[in-house]
Amino acid sequence: MNTPSRLADSAPGAADRGPRPATAEEAEDGAAEHCPRLVRLAHLTLPAGPGRHRRALVARRLARRVLPLPRSGPPAAAGGAYAAYGLLCREVLRGALGFGRRGRWRTALDSVLLPRVAGPLPSPRTPRDGEPASERPRSAPSPKARPASAPRTAKGQDGPAARALPEQAGAAGPYGAPRRATTPTTPTTPTTPTTPKRRHPPAAAGFGGGPAHARPTGPPRRGQRVRTGLGAAALLAAGGLLASVWTGGPAPDASSAGGDPSAADARHALDPAALVRAAPDAWAATTRMDFTAWPARGGRTADETLLGRALAVWARPGAAVQVTSAPGTPRTAPAQPPQLLFAGDVDNATVVLFHDGLRLVRYARPRGGGGRAALDFAQVQGAGLTTAGAVALTREDGNARYLTAPWIAGAQTRDLMRPDRPGTRLRRSADGVTDPVRTPAAGPGGCGTSWPALRLRAAAEIAADRPFLLTDLGGLSPVHLTYTPPPGPGAPAGPPLEATGPRALTSWAHGACRLGVLRGQAVRSVDAWEFARTALPEGGGEASWVCDRADTWRGPGLATVRFVPPGAAATAPGALAGQQSDGHACSRFGPDVMAGVMWQSAAGHWYLLAAGSRDVTRISASHGLDATAAGAFLAVRAPRGIRPALTARLGTGGTLSPLAGG
């Protein structure tokens, strides 16, 4: 920049090189550089009669109108930029004195023509302790005495030049000279190459609008800047139109909020600078292992333009945005600044991921432009170590990329329908973004011969190196798969275990294909509860009875009982023996279950089979078949196609019926 060299001309000894007239460019640069001082000079010189608001506006107008400088008048004491600064001070002082001599009608007309400024008034700053009295606003006792403060306001002028300013500006009489005895001045050291530089002089701090709003542009440059401004305005208008088409509508108008506190809160919630960001190691210092412990990751977490657009689309998506939400998930705008989890480019999309304490919100748009933006909502209230273990960032061409939790120490992929096949290592970026993972086939029974799943391993310091399984059912958050083994003799059923052991994987191999019916239902977790294992008649082997309990994020769940006969292929789904929608069967609130099926032995005989959980003490069949068995298992020969009624007696004295469809 050229500013230091100009200011250096005002250093002691600069005048020894001889005076020279100020050029127009130097005058313009001086006006831009010293505008805050000129405004303050005018403000201190203006009469005290006008109101505070009007007086500040007049001072700014006088500082802006000093160019072009008149050709007449006494020369300055030094040349170059220093001379220009002196001439500017003189003209501002002259204008302020002339304003005070106007008649009443001229003053009233000027008051009408002056604009009104909304918001904070550009008023002088509060004087600091120890500041000279002449530097304080409205300190002069009369209009004639106000020019006395000019030399101390025009900082950077030497003694003779400063004392000559009031007389050159037309302030006659004894009040034109500074009152040295009553208002001691504080010496000001001009900026030189060896002294620290100030971008804005101290006097500029007194006006609320700030120096950047007070600096005028020179007349030779003003036309060019006006044309540039009009061109920029046209570009901004075109950009706004394109953004409106892109997102389906403009962002919420913050100016329409007025003074409504709720509107102010809404604006604050959409401020990219107010986004919540967790520390990178927050997960290692908390017992709350959920999305609140996720740091902000991705290559564009500092891109406030992207973050602001994502927040604006969240608040007002518009018709051009493809919006999806999991069942029961509200699509409302954020009530407070959300937490940023991710912002970056992934494959062909730009993705921003937020968490507001109850929901995950994913904003995505095509990376190269074109196409539609997408906004997805999903509930995650009550997420934990496993259910907050990963989030789907993108899905493309049958593949998905996931962002894993910061506490994930290792990742693999495995096929649920190949329980005897080990997992394959899944590579991740430094930000925790996985390589593409094949998504399971859609629809019930449409899994074919493969069902991909994630096997993630939590860090040893928080989960003893415990692995767990997740699978993709179309939501932002993958579904946690668990397994509950049958109870031992005289022992109650234990809590769900991670579905990573051989027996759990074998059970899920027969149940994977039925996961397709849960797609798009905001499922949080599915537990395969093997509530009974029974020996079949005629030496048919041992059968498995499993109740798959799917819990959704919103509360209701789905229970499905499947019967897996011995010798069934690993990829063969179990036979459907009953199901319940929106109930609590097979959960901790419904720990008792009973189901029945028709089964054909190897010899071709048909049997009615029924099995119950450990608290069942007797099972009876009626309506076309009269049979009773003590305990939790019934096996009786029956004609093919018969549909008897089954009833179970519990140890507590209650009764139990099979789930619908059994």
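Residues numbered from 1 in each chain as written. Predicted model: local features only at pLDDT ≥ 70, side-chain atom pairs only at ≥ 80, totals over all residues. Heavy atoms only, no water.

Draft legend 1. Examining the state of the cysteines more closely. Here the structure, examined in full by the defined rule, presents 1 disulfide. Covalent S-S linkage joins cysteine 547 and cysteine 586, the inter-sulfur distance amounting to 1.9 Å. Taking the torsion about the S-S bond as the criterion, the cysteine 547 to cysteine 586 disulfide, at about 100°, is right-handed. Here cysteine 547 is found in strand 16 (residues 542–552), whereas its partner cysteine 586 is found in the loop between strand 18 (575–583) and strand 19 (594–600), with 39 residues between them in sequence. For the pair formed by cysteine 547 and cysteine 586, the shared burial category is buried. (Disulfide = S-S within 2.5 Å. Helix = DSSP H or I, 4+ residues; strand = E, 2+ residues; numbered from the N terminus. Buried < 20%, exposed > 50% of the residue type's maximum accessible area, 1.4 Å probe, protein only.)

Draft legend 2. Expanded view of unusual backbone geometry. With a phi close to 55°, alanine 522 is a non-glycine residue in the positive phi region. Looking at where alanine 522 falls in the secondary structure, it is placed in the loop between helix 12 (502–511) and strand 15 (523–535). Although it is not a glycine, histidine 623 adopts a positive phi angle of roughly 65°. In this structure, histidine 623 sits in the loop between strand 21 (616–622) and strand 22 (627–630).

Draft legend 3. Broad picture of empty space enclosed by the protein. Per the counting criterion, the structure on display carries 3 cavities of 30 Å³ or more. Volume-wise, the largest cavity comes out at about 40 Å³. Taken together, Tyr402, Val437, Arg438, Pro440, Pro452, Ala453, Leu454, Leu470, Thr471 and Asp472 make up the lining of the largest cavity. Elements with a contribution of two residues or more to the lining of the largest cavity: strand 10 (437–438), strand 11 (452–458) and strand 12 (467–471). Ranked by residue count, the leading element in the lining of the largest cavity is strand 11, at 3 residues. Each residue belonging to the lining of the largest cavity can be placed in one class, and the counts come to 7 nonpolar, 1 polar and 2 charged. (1 Å grid on protein atoms, 1.4 Å probe; cavity = no way out; pocket = protein on both sides within 12 Å on 5 of 7 lines; lining within 4 Å. Points joined across faces, edges and corners; volume = space filled by probe spheres on them. Nonpolar A, V, L, I, M, F, W, Y, C, P; charged D, E, K, R; others polar.)

Draft legend 4. Region of interest: the sheet that holds strand 22. Across the sheet, which stays open at both edges, the 4 strands sit in the order 22-21-24-25 with antiparallel pairing between neighbours. What marks the edges here is a single partner per strand, and that holds for strand 22 and strand 25 (655–656). Here strand 21 runs beside strand 24 (residues 645–650); their pairing, made up of 6 bridges, is antiparallel. Note that in strand 24 the partner of isoleucine 619 across the bridge is alanine 648. (Pairing = 2+ DSSP bridges.)

Draft legend 5. A look at the pattern of salt bridges. Using the criterion set out here, one finds 17 salt bridges in the structure. Note that arginine 533 and glutamate 542 form a salt bridge whose closest N and O atoms lie 3.3 Å from each other. Through salt bridges that share partners, Arg300, Asp303, Asp345 and Arg367 make up one connected network. (Salt bridge = Lys/Arg side-chain N within 4 Å of Asp/Glu carboxyl O.)

Draft legend 6. Focus on the layout of surface pockets. Considered as a void within the structure, the second largest pocket measures approximately 810 Å³ in volume. Along the wall of the second largest pocket there are 29 residues; nearest its centre are Pro496, Asp551, Cys586, Ser587 and Arg588. Going through the elements one at a time, strand 13 (479–484), strand 15 and strand 16 are the ones with two or more residues in the lining of the second largest pocket.

Draft legend 7. Just helix 10 (residues 304–315), in detail. The end-to-end C-alpha separation of helix 10 is 16 Å, in line with the 16 Å expected for 12 residues at 1.5 Å each. Along helix 10, the residues classified as buried are Leu306, Leu307, Gly308, Ala310, Leu311, Ala312, Val313 and Trp314. Between the side-chain oxygen at the start of helix 10 and the backbone nitrogen of threonine 305 there is a gap of 3.2 Å, and the oxygen is on aspartate 303. (Expected span 1.5 Å × (residues − 1). Polar contact = N/O pair within 3.5 Å; in protein donor to acceptor, adjacent residues only side chain to side chain.)

Draft legend 8. The arrangement of the side chain of threonine 329 in detail. Tracing the backbone through its elements, the reader meets threonine 329 in the loop between strand 1 (322–325) and strand 2 (339–346). In this structure threonine 329 comes out as buried when scored by relative accessible area, which is 7%. In this structure, threonine 329 is in contact with Arg359, Phe377, Ala378 and Gln379, ignoring residues within four places of it in sequence. (Contact = heavy atoms within 4.5 Å.)

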